[in-house]
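# Close look at the chain arrangement
Below, each chain spelled out in residue letters.
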Amino acid sequence: MITLSPSILSADFANLGAHCRTVLDAGAGMLHFDVMDGHFVPNISFGVPVLASLHKALPDAFYDVHLMISDPVTYAPAFARAGASCITFHVEAVQDVPAAIRAIRDCGVQAGISIKPGTPVESVFPLLPLVDMVLVMSVEPGFGGQAFQPVAVERIAALRDACRAQGVKPHISVDGGINAETGALCAAAGADVLVAGSTVFSAADPAAAVAALCAL
Ligand code: DX5
Ligand code: ZN
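Residues numbered from 1 in each chain as written. Chains lettered and ligands numbered in written order. Predicted model: local features only at pLDDT ≥ 70, side-chain atom pairs only at ≥ 80, totals over all residues. Heavy atoms only, no water.

## With respect to the pairing of strand 6 (residues 133-137)
Counted only if it meets this: Buried residues are those whose accessible area, probed at 1.4 Å on protein chains only, stays under 20% of the maximum for their type, while exposed residues exceed 50% and partly exposed ones sit between those limits. The way it works is that DSSP assigns letters per residue, a run of H or I at least four long becomes a helix, a run of E at least two long becomes a strand, and they are numbered from the N terminus. Strands were regarded as paired on the criterion that DSSP finds at least two bridges between them. When the strands point away from the viewer, a crossover counts as right-handed if the path from the first strand over the helix to the second runs clockwise.
With 5 of 5 residues buried, strand 6 lies mostly within the body of the structure. Of the two faces of strand 6, both are covered, the one formed by Met133, Leu135 and Met137 as well as the one formed by Val134 and Val136. Pairing of strand 5 (residues 110-115) with strand 6 involves 4 bridges; the strand directions are parallel. Note on strand 6: the bridge partner recorded for isoleucine 115 is valine 136. Here 5 bridges tie strand 6 to strand 7 (residues 171-175), and the two strands are oriented parallel to one another. Within strand 7, the residue paired with valine 134 across the bridge is isoleucine 172. Each parallel crossover has a hand, and for strand 6 linked through helix 5 (residues 151-166) to strand 7 it is right-handed.

## Looking at the packing of helix 1 (residues 16-25) against helix 2 (residues 48-57)
Convention followed: Here, axes are lines fitted to C-alpha atoms. For helices the fit covers the stretch in contact, and angles between N-to-C directions go from 0 to 180 degrees. Orientation categories follow fixed angle ranges, with anything under 35 degrees roughly parallel, anything over 145 roughly antiparallel, 65 to 115 roughly perpendicular, and all other angles oblique. Left-handed describes a crossing in which the near helix is turned anticlockwise from the far one by less than a right angle; the clockwise case is right-handed. The contact criterion used is simple: two residues touch if any of their non-hydrogen atoms lie within 4.5 Å. Residues are grouped as follows: Ala, Val, Leu, Ile, Met, Phe, Trp, Tyr, Cys and Pro are nonpolar; Asp, Glu, Lys and Arg are charged; all remaining types, including Gly, are polar.
For the pair helix 1 and helix 2, the least separation of the axes is 10 Å and the interaxial angle reads 55 degrees. When the interaxial angle is binned, helix 1 and helix 2 end up oblique. Along this stretch, helix 1 crosses helix 2, giving a crossing that reads as right-handed. Facing helix 1, whose interface residues are Leu16, Gly17, Cys20 and Arg21, helix 2 presents Val50, Leu54 and Ala57. A breakdown of the residues in the contact of helix 1 with helix 2 according to their chemical character gives 5 nonpolar, 1 polar and 1 charged.

Shown next as structure tokens:
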């Protein structure tokens, strides 16, 4: 069963609430909220007040917050108070990953970890029992609309096998360049959450794009 998490980075921010409502009504199970600080990644997106506004307008949505920031532990409480459901941070950003996972859980939300394409996937195997979600980046984080890196497929399969071997079931999510073709490859390899930005929000009919991806 695939859960689609449309990345609002590609939405029209002048109509953000309406766009989010459209994709949720079309079957998206989450909203993917990309936070960039201009330091961990070379781009700046949006932050706590935008999440708080969305959560006020759409309180029942699941907010899949992806922190591409250098100091996730400091900012996690504010995102949790603003309505985050799961907070995912990059293992490359922190020194003590288990402590960061605990700090996020202490905020009362789910905790996820993400890995950039060049980070060895084996490095997160010991962390799998500790998290609700593992987010595999299939592009370098920082920008929407990039081409899918096919190596992500084998990384997802390796994570799926490691989860099975350990008897744990975190969500395996994939982010970057996801469309019907690449999404199907990732789902077959074991991903159960697909993040898609431009494929959804740049489509002529975003609701139809959501329905197509949910059906994978
Ligand atoms: C990239 C972000 C992605 C991005 C995906 O750093 O984490 O969530 O919005 O965009 P697409 O689906 O267009 O590659
Ligand atoms: Zn993302």
